[in-house]
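# Structural overview for review
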Amino acid sequence: MDKSKFIGILTSGGDASGMNAAIRAVTRSAIYNGFRVKGIYRGYEGLIAGEVKEMTTEDVSSIIQRGGTILKTARSKEFETPEGRRKAYEVMQKENIGYLVVIGGDGSLRGARTFADEYEDVVCIGLPGTIDNDLCGTDVTIGYSTALNTIMECVDKIRDTATSHERIFFVEVMGRDAGFLAQNSAIASGAEAAIIPEDKTDVDQLEKFISRGFRKTKNSSIVIVSESPKDGGAMHYAERVRKEYPQYDVRVSILGHLQRGGAPSAEDRILASRLGEASVQAIMEEQRNVMIGIRDNEIVYVPFIEAVKRDKPIDKNLIRVLDELSI
Ligand code: ADP
C-alpha cells in the first residue's frame, strides 16, 4: 500500500440513495488514515475525460442526508472498449490515483473487474450501490432500503384510492431482473400479490392470483409487478385482466424514477458509512478487485467475479409469506 497515491472515488450506472453517504465515508476514512482523495465526476465517462478534483473533508459536509450523488453518475460506452479503458488508465497515472473505489451496480463492477484485470497496478474496490439489491455476496445493497420504503409509502397511498373505488391496481416497480423490491414491498404494504422475474414457472402468475379468488373477501386488490421489458410489466397484466375478466375495474400505476430519489433511510446511511469505511480498510490490507459486502451484519470481501457472476437468488419463503398473508 502506497499512501503517496491518491484514492479515487466515482459513482457509476443507476444512482441510488446513500451513494453520497458512501462518498463521505470513503473520503473521511481515507483522510483519517493518511490518504489523499480525488473525486471523479460522471463515472467512467468522467474518468476518461479527466474530470477529477481533490476532495477535502469539507467537500463532503452535509451530504449524508442527500439522495443522488454529488459526483454525478453516467453510463459510458467508451469504457467498454480497450481504447476507452486505456484513456482512463492514463488519466489515473497523470492524476497519481493508485486506488479506485467504484460505487455502482453490477455493470459498474463488471467494468471495474475488466479494468483491474487489464492493468495490474490499478487496485479497484467496489461498493454495492443499487436500489435493485441484485449483487451476490452481500445481503443488501446501498439504496435498496430507501427505495423499498418509498414504494411502501406510495402503495399505502394507492390503497386509499383503490379501496374507495373498489379497484384492482397493478403497481409497477423497478428491478427488471430481480424481484427483491417487488416481493418485499408487497409484503410491507399488504399487497395481494407480487409478479416477479424469479417466479417464472409454468404457472401463470396472474392466473395463480386470480384463481386464489381475489376480491372475494376484499374490495380492492393491489398487485406489485417488477418492470420487465420482455413481459411488458404492469400494463401487460392490466390489459389481460381487462380482456379476460371485464367485470373488474383495473388501473395501472408506474412508480418510475421517484423510486430512486429522496433522503436515504437510516439503514442506507449506516450501511453506506460502514461499507465506505471498510473500503479504506481493504485498501490498507492490500485487497484488490473485491466488492465490500455485508453478510449477517459482518463486513465481507467478495471477489468481483463472485459479486456479478449470476443472478442473486431470492428467498422463496418470501413468496409463501405473501401468499399466506394476503388471503
Ligand atoms: P449499473 O452499474 O447500475 O449496473 P450499467 O450496467 O449501466 O449500470 O453499467 C455502468 C457502466 O459500467 C457502463 O456504462 C459501462 O461504462 C461500464 N460497464 C458495464 N459493463 C462493462 C463491461 N463488461 N466492461 C467494461 N465496462 C462495463
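Use the structure listed above.
Residues numbered from 1 in each chain as written. Predicted model: local features only at pLDDT ≥ 70, side-chain atom pairs only at ≥ 80, totals over all residues. Heavy atoms only, no water.

A few words now on the sheet that holds strand E2 (residues 37-40). Pairing is mixed in the open sheet, where seven strands are placed in the order E3-E2-E1-E4-E5-E10-E11. For this open sheet the edge positions go to strand E3 (52-55) and strand E11 (298-303), each flanked by a neighbour on one side alone. The average undirected angle you get between the axes of adjacent strands in this sheet is 30 degrees. Sheet topology note: the strand E1 (residues 6-11)/E2 ladder contains three bridges and is parallel. In the sheet register, Ile-7 faces E2, and the bridge partner there is Val-37. Sheet strands touched by helix H1 (residues 19-32): E1, E2, E3, strand E4 (97-104) and strand E5 (123-128). Its angle to E1, the strand with the most contacts, is close to 180 degrees. Sitting on the sheet, helix H9 (residues 266-284) touches E1, E4, E5, strand E10 (290-295) and E11, and the angle it makes with E10 is about 135 degrees. (Pairing = 2+ DSSP bridges. Helix = DSSP H or I, 4+ residues; strand = E, 2+ residues; numbered from the N terminus. Axes fitted to C-alpha atoms, helices over the stretch in contact; angles between N-to-C directions. Contact = heavy atoms within 4.5 Å.)

Most of E1 is tucked away, with six of its six residues classed as buried. Judged by which residues are buried, E1 turns out to be covered on both faces: Phe-6, Gly-8 and Leu-10 on one side and Ile-7, Ile-9 and Thr-11 on the other are all buried. Of the pairings in the sheet, the one linking E1 to E4 comprises six bridges and is parallel in character. Considered in E4, the bridge of Leu-10 is made with Val-102. Read as a crossover between parallel neighbours, the route from E1 over H1 to E2 is right-handed. (Buried < 20%, exposed > 50% of the residue type's maximum accessible area, 1.4 Å probe, protein only. Right-handed = clockwise from strand over helix to strand, strands pointing away.)

With that settled, the discussion passes to the site of the ligand. Contacts to the ligand come from 16 residues, most closely from Arg-75, Ser-76, Gly-105, Gly-107 and Ser-108. Note that an oxygen atom of the ligand is positioned 2.6 Å from one of the backbone N or O atoms of Ser-76. The residue inventory of the shell around the ligand, partitioned by class, reads two nonpolar, nine polar and five charged. (Near = heavy atom within 4 Å. Polar contact = N/O pair within 3.5 Å; in protein donor to acceptor, adjacent residues only side chain to side chain. Nonpolar A, V, L, I, M, F, W, Y, C, P; charged D, E, K, R; others polar.)

Take the pairing of E11 next. As paired elements, E10 and E11 share six bridges and run antiparallel to each other. What sits directly across from Ile-292, in E11, is Tyr-301. In this structure, the hairpin formed by E10 and E11 is closed by a connection of two residues, where Asp-296 is found at a positive phi of approximately 50 degrees.

In this section: the sheet that holds strand E8 (residues 221-226). Backbone-to-backbone hydrogen bonds pair the strands of a sheet. The strands run either parallel or antiparallel. The four strands are arranged E7-E8-E6-E9 in an open sheet whose pairing can be described as parallel. Looking at the sheet topology across the chains shown, the edges are occupied by strand E7 (193-195) and strand E9 (250-254). Across this sheet, the average inter-strand angle for adjacent strands is 20 degrees, counted without regard to direction. Where E7 lies against E8, three bridges are found, and the strand directions are parallel. Its bridge partner being in E8, Ile-195 is matched across the sheet by Val-225. Relative to the sheet, helix H5 (residues 144-165) contacts strand E6 (168-173), E8 and E9, its axis offset from that of E6 by approximately 165 degrees.

In this section: the packing of aromatic side chains. Enumeration according to the criterion identifies seven aromatic pairs in this entry. Their ring planes at 10 degrees and their centres at 4.2 Å tell us that Tyr-89 and Tyr-119 sit as a pair that is stacked. Separated by 30 residues along the polypeptide, Tyr-89 in helix H3 (residues 82-94) and Tyr-119 in the loop between helix H4 (106-118) and E5 bring together distant segments of the chain. By the burial criterion, Tyr-89 is buried, and Tyr-119 matches it. Ring centres of Phe-170 and Tyr-237 lie 6.5 Å apart, and the angle between their planes is 20 degrees; this geometry places the pair in the stacked category. In this pair, Phe-170 is assigned in strand E6 and Tyr-237 in helix H8 (residues 233-244), connecting sequence segments 67 residues apart. In this structure Phe-170 comes out as buried when scored by relative accessible area, which is 0%. (Phe/Tyr/Trp six-rings, centres within 6.5 Å; stacked < 30°, edge-to-face > 60°.)

As for its position among the elements, Glu-286 is in the loop between H9 and E10. On the basis of relative accessible area, Glu-286 is assigned to the exposed category, the value being 52%. Linking Glu-286 and Arg-85, residues 201 residues apart in sequence, is a C-alpha distance of 23 Å.

Okay, helix H6 (residues 180-189) next. Counting buried residues in H6 gives eight out of ten residues, a clear majority hidden from the surface. Residues of H6 that are buried include every one of Phe-180, Leu-181, Ala-182, Gln-183, Asn-184, Ser-185, Ala-186 and Ser-189, and no others. Gly-190 sits one or two residues past H6 and shows a positive phi near 70 degrees.

Once that is clear, we can look at the nonpolar core. Counting 59 residues, the largest nonpolar core has Val-171, Leu-181 and Ile-224 as its most contacted members. Tallying contributions element by element places H5 first for this core, with eight residues. Contact partners of Leu-181, with chain neighbours within four places excluded, come to Ile-131, Asp-132, Tyr-144, Ala-147, Leu-148, Ile-151, Val-173 and Met-174. Judged by nonpolar contacts, the second largest core, of 29 residues, contains Phe-6, Leu-47, Phe-79 and Ala-307. (Core = buried A, V, L, I, M, F, W, Y, C linked by side-chain atoms within 4.5 Å.)

In this model, Arg-42 sits at a positive phi of 60 degrees, which is unusual for a non-glycine residue. With respect to the helices and strands, Arg-42 occurs in the loop between E2 and helix H2 (43-49).

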